[in-house]
Every structure is written in C-alpha cells, then in structure tokens.
Amino acid sequence: MKLERILPFAKTLLQKAVKNGDIVVDATIGNGHDTVFLAELVGEHGKVYGFDVQEQAILATKERLIQHSLLERTTLFHEGHERVTQNIPLEEHGKITGAIFNLGYLPGSDKNIITEPETTIDAVSQLLNIMAPEGIIVLVIYHGHDGGDIERDALLNYCRHLDQKFAHVIRYQFINQQHNPPFIIAIEKR
Ligand SMILES: C[S@@+](CC[C@H](N)C(=O)[O-])C[C@H]1O[C@@H](n2cnc3c(N)ncnc32)[C@H](O)[C@@H]1O
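In this text, all values refer to a predicted model and were calculated from it rather than measured experimentally.

Asks: Please explain the overall build of the protein chain as it appears in this structure.
Replies: Helix and strand counts for the protein chain come out as six helices and seven strands. Going from the N terminus to the C terminus, the protein chain shows its helices and strands as α-β-α-β-α-β-α-β-α-β-α-β-β. Relative to a compact globule of 190 residues, whose C-alpha radius of gyration would be 16 Å, the protein chain shows 15 Å and is just as compact. Across its three principal axes, the protein chain shows a C-alpha extent of roughly 40 × 40 × 35 Å. When the 190 residues of the protein chain are sorted by exposure, 51% land in the buried category. A separation threshold of at least 6 residues defines the contact pool for the protein chain, and within that pool the share at least 24 residues apart is 74%. In the protein chain, 18 side chains carry a positive charge and 25 a negative one; their mean positions are 7 Å apart.

Asks: Would you take a moment to explain the site of the ligand for this structure?
Replies: Neighbouring the ligand are 22 residues; Asn-31, Asp-52, Gln-54, His-81 and Glu-82 lie closest to it. At 3.2 Å, a backbone N or O of Thr-28 approaches a nitrogen atom of the ligand. Between the ligand and Asn-31, the relevant distance is 2.8 Å, taken from an oxygen atom to a main-chain nitrogen or oxygen of the residue. Look at the ligand: alone it shows 610 Å² of surface, and the protein chains cover 94% of it. Taking a 2 Å distance to the grid points as the criterion, the majority of the atoms of the ligand fall inside the largest pocket. Taken together, the residues that form the shell around the ligand break down as eight nonpolar, eleven polar and three charged.

Asks: Help me understand the packing of helix H2 (residues 33–42) against helix H3 (residues 55–67) in this model?
Replies: For any two helices packed against each other, one specifies the crossing angle of their axes together with the interaxial distance. The contact between H2 and H3 brings their axes to 9 Å, and the two run at 40°. Put simply, H2 runs oblique to H3. In this structure, H2 meets H3 at a crossing whose hand is right-handed. On H3, the residues touching His-33, Thr-35, Val-36 and Ala-39 of H2 are Thr-61, Arg-64 and Leu-65. Looking at the contact of H2 with H3 residue by residue, the class counts come to three nonpolar, three polar and one charged.

Asks: Whenever I open this one, the layout of surface pockets confuses me. Can you help?
Replies: Volume-wise, the largest pocket comes out at about 810 Å³. As for the largest pocket, its lining consists of 39 residues, and the residues nearest its centre are Thr-28, Asn-102, Leu-103, Tyr-105 and Pro-107. Examining the composition of the lining of the largest pocket, we find that five residues originate from one element, helix H1 (residues 6–17), more than from any other.

Asks: So what exactly am I meant to see when it comes to the nonpolar core here?
Replies: Nonpolar side chains in soluble globular proteins tend to be buried together. Residues Val-25, Phe-101, Leu-127, Ile-137, Leu-139 and Ile-187 are the most contacted members of the largest nonpolar core, which totals 31 residues. Broken down by secondary-structure element, the contributors of at least two residues to this core are strand E1 (23–26), strand E2 (47–51), strand E4 (96–102), helix H5 (117–130), strand E5 (131–141), helix H6 (148–160) and strand E7 (183–189). Residue contributions to this core peak at six residues, all from H5. One finds Phe-37, Val-42, Leu-65 and Leu-76 within the second-largest nonpolar core, a separate group that totals 29 residues.

Asks: Is there a simple way to explain the environment of Pro-133 in this structure?
Replies: In this fold, Pro-133 is placed in strand E5. A residue is classified by how much of its surface remains accessible, and Pro-133, at 56% relative accessible area, is exposed. Between the C-alpha atom of Pro-133 and that of Ile-187, which follows or precedes it by 54 residues, the distance is 11 Å. Beyond its immediate stretch of four places on either side in the chain, Pro-133 contacts Lys-189 and Arg-190.

The rules behind these values
- Residues numbered from 1 in each chain as written.
- Predicted model: local features only at pLDDT ≥ 70, side-chain atom pairs only at ≥ 80, totals over all residues.
- Heavy atoms only, no water.
- Helix = DSSP H or I, 4+ residues; strand = E, 2+ residues; numbered from the N terminus.
- Rg over C-alpha atoms; globule rule 2.2 N^0.38 Å.
- Buried < 20%, exposed > 50% of the residue type's maximum accessible area, 1.4 Å probe, protein only.
- Contact = heavy atoms within 4.5 Å.
- Lys, Arg positive; Asp, Glu negative; His and termini not counted.
- Charge placed at Lys NZ, Arg CZ, Asp CG, Glu CD.
- Near = heavy atom within 4 Å.
- Polar contact = N/O pair within 3.5 Å; in protein donor to acceptor, adjacent residues only side chain to side chain.
- Areas by Shrake-Rupley, 256 points an atom, 1.4 Å probe, with all protein chains shown as cover.
- 1 Å grid on protein atoms, 1.4 Å probe; cavity = no way out; pocket = protein on both sides within 12 Å on 5 of 7 lines; lining within 4 Å.
- Sits in = over half its atoms within 2 Å of the grid points.
- Nonpolar A, V, L, I, M, F, W, Y, C, P; charged D, E, K, R; others polar.
- Axes fitted to C-alpha atoms, helices over the stretch in contact; angles between N-to-C directions.
- Parallel < 35°, antiparallel > 145°, perpendicular 65-115°, else oblique.
- Left-handed = near helix turned anticlockwise from the far one by under 90°.
- Points joined across faces, edges and corners; volume = space filled by probe spheres on them.
- Core = buried A, V, L, I, M, F, W, Y, C linked by side-chain atoms within 4.5 Å.

Quick look at the structure:
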C-alpha cells in the first residue's frame, strides 16, 4: 500500500514539525512507544515532557526509555495532561514544536481508564497557547471503545471551530475500513 498508514503518518507529521534540540510533549505516554520516538527525534539537547494518569504507564515508559538510554531527555509527570501549562517550565512556553495524544485506553490495562473529552480538549487548548508557531499537535483518535465516540465527536466539534487565522487543522482517515480504525486530526498553530 502506498498510502501512509495512520501511525506512520502521525510520526511523519511530527518529523515535519520537530527538529534536533526541540521541546515536545507526549500527552498520553502509555507504554512509552511515542515517548521513545520523540526522545530520538529531539536528540540529546532536546526535551520530551510526558504525561499519564496511570502509575503503570509511568513505570513502563521509564523502563523503555532506560533500555534505549533516553531517560535524561525526558521528564515524566504522573498527572493528567490537563495540567500541562503548570508542569512545563515557564521559560519553555512558546518553544514547544510538537505534541502527540494517543487517545483511548492503555492496551493490556484497565479499559475503564480512558482519555475524556473535557480534559483532552482542555489540554489541547492549553498546548495551542504555549506552543511555538508552526508547532503541530497530532491527535490519534481511537473511537471503538465505550466512550470513544463521545470523545471523537467532541474533538471534531472543537477542532472544526478553531479559528483558521489561529490554526490549520486536517483530518487523515481511511473511510472504507471496518471496525472503527483510528484516525488523525492534526493541528498546526499559525
Ligand atoms: C492509548 S494509551 C497511550 C499509548 C501510548 N502512546 C503508547 O505508546 O503506548 C492512552 C493513555 O492515556 C492515558 N490517560 C488517560 N487520561 C489521561 C489524562 N487526563 N492525561 C494523561 N494521560 C491520560 C491512559 O492512562 C493511557 O495510558
């Protein structure tokens, strides 16, 4: 298949926005796959701030980062991403060039702990305020689980109403696949 699949496309978008030495956010670290990707992308002089509400996610991500010798480039918060502004040092506001949200529940974990529309939108909106111009937020939207459709619709509604003078917003989705596959919304701050 020549069309880029969803998860590789999320990485392509981040690679466009983020360069060596940059500051980025993994808003839902989970098992740390995206955290490792971002830590490699920003290089040894960059920084990844990661958030998750589950201790299990913090531990799994820390372990994965240690295995890849990337722990020093990261700061992990055992907190909701809706506390992003308070947790990222003031001197780094305005410098964040990329962020990813992998929504839904942590595979292999409690399916009742899911990202929620209010807190996700709160975090996206805070990030848009503290990002650099041309910074990109990638939302990977899983919507097959209980509550996923509500979060999807709330995010689509929020994103459709973002002022086009403030942000470019795209949606990337395979529209003829079965079983509610994930899709992407990407927001580039202007
Ligand atoms: C789909 S998983 C993330 C997968 C991850 N990107 C990976 O590479 O393994 C979603 C994660 O969001 C977390 N989460 C739920 N609500 C959150 C919140 N308010 N802030 C930060 N993380 C949250 C869950 O605990 C879960 O680990």
